[in-house]
Amino acid sequence: KQEVTQIPAALSVPEGENLVLNCSFTDSAIYNLQWFRQDPGKGLTSLLLIQSSQREQTSGRLNASLDKSSGRSTLYIAASQPGDSATYLCAAQRSNDYKLSFGAGTTVTVRA
Amino acid sequence: EAGVVQSPRYKIIEKKQPVAFWCNPISGHNTLYWYRQNLGQGPELLIRYENEEAVDDSQLPKDRFSAERLKGVDSTLKIQPAELGDSAVYLCASGDRRGLIYEQYFGPGTRLTVT
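This is a predicted model, so every value here is computed, not measured.

The rules behind these values
- Residues numbered from 1 in each chain as written.
- Chains lettered and ligands numbered in written order.
- Predicted model: local features only at pLDDT ≥ 70, side-chain atom pairs only at ≥ 80, totals over all residues.
- Heavy atoms only, no water.
- Core = buried A, V, L, I, M, F, W, Y, C linked by side-chain atoms within 4.5 Å.
- Buried < 20%, exposed > 50% of the residue type's maximum accessible area, 1.4 Å probe, protein only.
- Helix = DSSP H or I, 4+ residues; strand = E, 2+ residues; numbered from the N terminus.
- Contact = heavy atoms within 4.5 Å.
- Disulfide = S-S within 2.5 Å.
- Polar contact = N/O pair within 3.5 Å; in protein donor to acceptor, adjacent residues only side chain to side chain.

S.K.: How would you sum up the nonpolar core? Please name residues and give values.
M.R.: In a soluble, globular protein the nonpolar side chains are often hidden away together inside. In terms of nonpolar packing, the biggest core is built from 22 residues, with L33, W35, L75 and Y88 of chain A touching the most fellow members. Counting residues per element, the ones that place at least two in this core are strand 3 (19-25), strand 4 (30-38), strand 5 (44-51), strand 7 (62-67), strand 8 (72-77), strand 9 (86-94) and strand 11 (106-111) of chain A. Sequence-distant contacts of L75 of chain A, defined by excluding residues within four places in its chain, comprise L19, V20, L21, W35, L48, L62, N63, A64 and Y88 of chain A. Among the nonpolar cores identified, the runner-up in size contains 21 residues, and I26, I79, A88 and V114 of chain B belong to it.

In structure tokens form, the structure reads like this:
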């Protein structure tokens, strides 16, 4: 069974600082790794999806890397803003399967 | 384009009472998912539909949970009777398959509190 872990569970940084969020998974036989954002009282919004053949994906200030061999993915958010405050979850999709295994998330607070 | 719609957004019930959640997926999406998200945890899949067929309900506690997706569009998830441990956020997602990528778009969820 795929186990997905996110450390730390919570993070508080001053505005402008770069954020580094970690995600680890136990089964390297994944097809892709996704990062989601969840705001309080709202559903999940997909931020980035990295296919297993890729090493990283970028969207604006967000960059996500994937290292299947070590079972790790990292989400970088450059020059954080208060609007980045949310919970960030990673999810691994099993190869040839639709199921997503989610981590518990990292709750980020960016202080103005 | 409208997103996934869920109702109600919040529900408080006493234990042993029944409760139902409704989901309207994004138009054209054949696949519909129901997830449960406990406080401080990631979502866990309860059931997945392809059109009106439940293709994976292995994680659905069938003694008290039931779901239906009539006509392959809207879906309802029911709990009867509810227990204290059912307090959670119930998320609905819909999506399509793009190659081997199963895209999922999530609704805002229904927060259930069982007292």
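S.K.: Explain the state of the cysteines residue by residue, including any values.
M.R.: Residues and elements named next belong to chain B. Enumeration over the complete set of coordinates arrives at two disulfides over all chains. Shown here is the disulfide that connects C23 with C92, its sulfur atoms set 1.9 Å apart. Disulfide C23-C92: the torsion about the S-S bond is -70°, which places it as left-handed. Linking C23 in strand 3 (residues 19-24) with C92 in strand 9 (residues 88-95), this pair joins segments that are 69 residues apart in sequence. There is no split in this pair, since C23 and C92 are both buried.

S.K.: Run through the side chain of T106 of chain A, naming residues and quoting values.
M.R.: All names here are of chain A. Relative to the elements of secondary structure, T106 occurs in strand 11. There is a polar contact of 2.6 Å between the side chain of T106 and the backbone oxygen of P8. Beyond its immediate stretch of four places on either side in the chain, T106 contacts Q6, I7, P8, A9, A10, L11, L21, A86, T87 and Y88.

S.K.: So, unusual backbone geometry: which residues are in play, and what are the values?
M.R.: With an omega of 5°, the peptide bond running from I7 of chain A to P8 of chain A counts as cis. Mapped onto the elements, P8 of chain A comes out in the loop between strand 1 (4-7) and strand 2 (10-14). Cis geometry is found at the peptide bond from S7 of chain B to P8 of chain B, where omega equals -10°. Locating P8 of chain B in the fold gives a position in the loop between strand 1 (5-7) and strand 2 (10-13). Even without glycine at this site, N51 of chain B takes up a positive phi of about 55°. Along the polypeptide, N51 of chain B turns up in the loop between strand 5 (44-50) and strand 6 (53-56). Exposure remark for N51 of chain B: the relative accessible area of 35% places this residue in the partly exposed category.

None of the figures reported here should be taken as evidence of function without further support.
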